Structure formats: C-alpha cells, structure tokens
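So the chains spell out like this:
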Amino acid sequence: DLGGIDGLVHVTDISWTKINNPSDVLELNSTIKIKVLKFDEELSRLSLGIKQLTENPWDKVNESIKDNDKVLAKVISMNDNNVHLNINNFDGIISLNELSWLKKPPHPSKIININDEIEVLVLDIDDDKKRVNCSLKQMKENPWTKLKEKFNINDTFETEIVNIVDFGIFVKVIDEIDGMVHISD
C-alpha cells in the first residue's frame, strides 16, 4: 500500500536467494523499504523490489565459494529430482544423481530433512542459473570401491534382511548397498 495505489513486489524481487513463500521473510502490515522498478501507465501497475536495495551478492560469489570447496549448507526444500540449499546466502542445488552412490537413489527425504545443515562439495558455480551445484555423495568414499575390497565371489557373511518382496529378499551389505537374494536362491 503506497497510499492510494498498490504496488507488487514479485516473489523473485524480495530476496537474492530463492524463497518459497513471501510470508517466510515478510509480515502483513509491516512497513518495508522498496525500490520502484517499473510503472505501467496503461495498467496502472507499479512493479517494486526489495532485493534491489542491496548489492547483488552473486557479483562476488567467487570471493566466498570456489569449485571443490567443502561448505556447510542448509536444506531449504526438495522434490523428486533435486535438493535446494542455502549456502552463505547463495542458492545451491544437489541433483538426485549427486545425492547417493546408489544407481537408483531413493527420494531425497529418505536421506536428509528440510532445515538440516549438511556439508557438501561444490562441483561448480553456474553463473547463468545463479546457483551453486553441489554433491553430497562425493563427501563419502564410493561404497562400490569398498565392496570390491571387502568381498570376493563365494564369500559368506551374516547380515540383516532389510526388505522382503515376492521375488526374494534384500539384505544389508555395506553402507548404502543392499544385496538381493532371489527367491530361487
């Protein structure tokens, strides 16, 4: 409310980092400082911004984050394909294939939770998309390498059953790796 005219601050103009909902950072009836971005006389529409009052942190991303850095990140949101992070007020992302060493990774919610603080490896800084691409799996040794060191064909070992299905059972082998015992075996 600008006193007789309303203005819109689009969600992408509230913060330099991705926010899911304006109510995450703003409250109704609070007084805020804004910058006029555009006025459309035909539509009597005023476009406003909040983030434009501060310097774009992305301009100096390379001063605080570099490729191959190990950084602490907060999990902001997740979907079937990605985990969205906040890394020192920069948007970060972990794609599904960088979440786990498994060939078919589970849903991200099986590995981490929203608001978790996790250490990730910076793969690269994507200037076009303004995000930091990260890996969680590369923070750990590849369990498939460990598997070859620990077991040989014809070895026997005791373990626990983790799932029973119509065609057999799945058993815990090491870390993230389960093994399948077919019903015929």
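Residues numbered from 1 in each chain as written. Predicted model: local features only at pLDDT ≥ 70, side-chain atom pairs only at ≥ 80, totals over all residues. Heavy atoms only, no water.

Q: Would you mind showing me how to read the overall build of the protein here?
A: Counting its regular elements, the protein contains two helices and 11 strands. Its helices and strands in sequence order give the protein the pattern β-β-β-α-β-β-β-β-β-α-β-β-β, from N to C terminus. Taking 2.2 N^0.38 as the reference for a compact globule, 185 residues should give roughly 16 Å; the C-alpha atoms of the protein span a radius of gyration of 24 Å, well beyond that estimate. In terms of its C-alpha atoms, the protein occupies a principal-axis envelope of roughly 80 × 40 × 25 Å. (Helix = DSSP H or I, 4+ residues; strand = E, 2+ residues; numbered from the N terminus. Rg over C-alpha atoms; globule rule 2.2 N^0.38 Å.)

Q: What is the right way to read the sheet that holds strand β11 (residues 177-182) from this model?
A: For sheets, the rule is that strands pair by backbone hydrogen bonds, running either parallel or antiparallel. As summarised here, the arrangement of the three strands in space is β9-β10-β11, forming an open sheet in which the pairing is antiparallel. The open sheet terminates on both sides in strands that have one partner only, identified here as β9 (161-165) and β11. On average, each strand axis in the sheet is inclined to that of its neighbour by 25°, with strand direction left out of account. Two elements, β9 and strand β10 (residues 168-174), share four bridges in a ladder whose sense is antiparallel. (Pairing = 2+ DSSP bridges. Axes fitted to C-alpha atoms, helices over the stretch in contact; angles between N-to-C directions.)

Q: Explain the packing of aromatic side chains to me, please; I cannot follow it from the model alone.
A: The relative placement of two aromatic rings is captured by the distance of their centres and the angle of their planes. One pass over the full model with this rule turns up three aromatic pairs. Geometrically, the ring pair formed by Trp58 and Phe90 is edge-to-face, given 5.8 Å between the ring centres and 70° between the ring planes. Of the two residues, Trp58 is situated in the loop between β3 (45-49) and α1 (61-64) and Phe90 in strand β6 (residues 90-95); the sequence distance between them amounts to 32 residues. Accessibility expressed as a relative area gives 8% for Trp58, which makes it buried. (Phe/Tyr/Trp six-rings, centres within 6.5 Å; stacked < 30°, edge-to-face > 60°. Buried < 20%, exposed > 50% of the residue type's maximum accessible area, 1.4 Å probe, protein only.)

Q: Teacher, can you tell me more about unusual backbone geometry here?
A: With the exception of glycine, most residues fall at negative phi, and the peptide bonds are largely trans. Despite not being glycine, Asn88 has its phi angle at roughly 50°, a positive value. For Asn115, which is not glycine, the phi dihedral falls at a positive 80°. Here Asn115 is to be found in the loop between β6 and β7 (117-126).

Q: Is there a simple way to think about the sheet that holds β3 in this case?
A: Pairing within the open sheet is mixed, and its three strands lie in the order β1-β3-β2. If you trace the sheet from one side to the other, it starts and ends with β1 (7-9) and β2 (35-40), each paired once. Across this sheet, the average inter-strand angle for adjacent strands is 30°, counted without regard to direction. Note that β1 and β3 share three bridges and pair parallel. Bridge assignment links Leu8 to a residue of β3, and that residue is Ser47.

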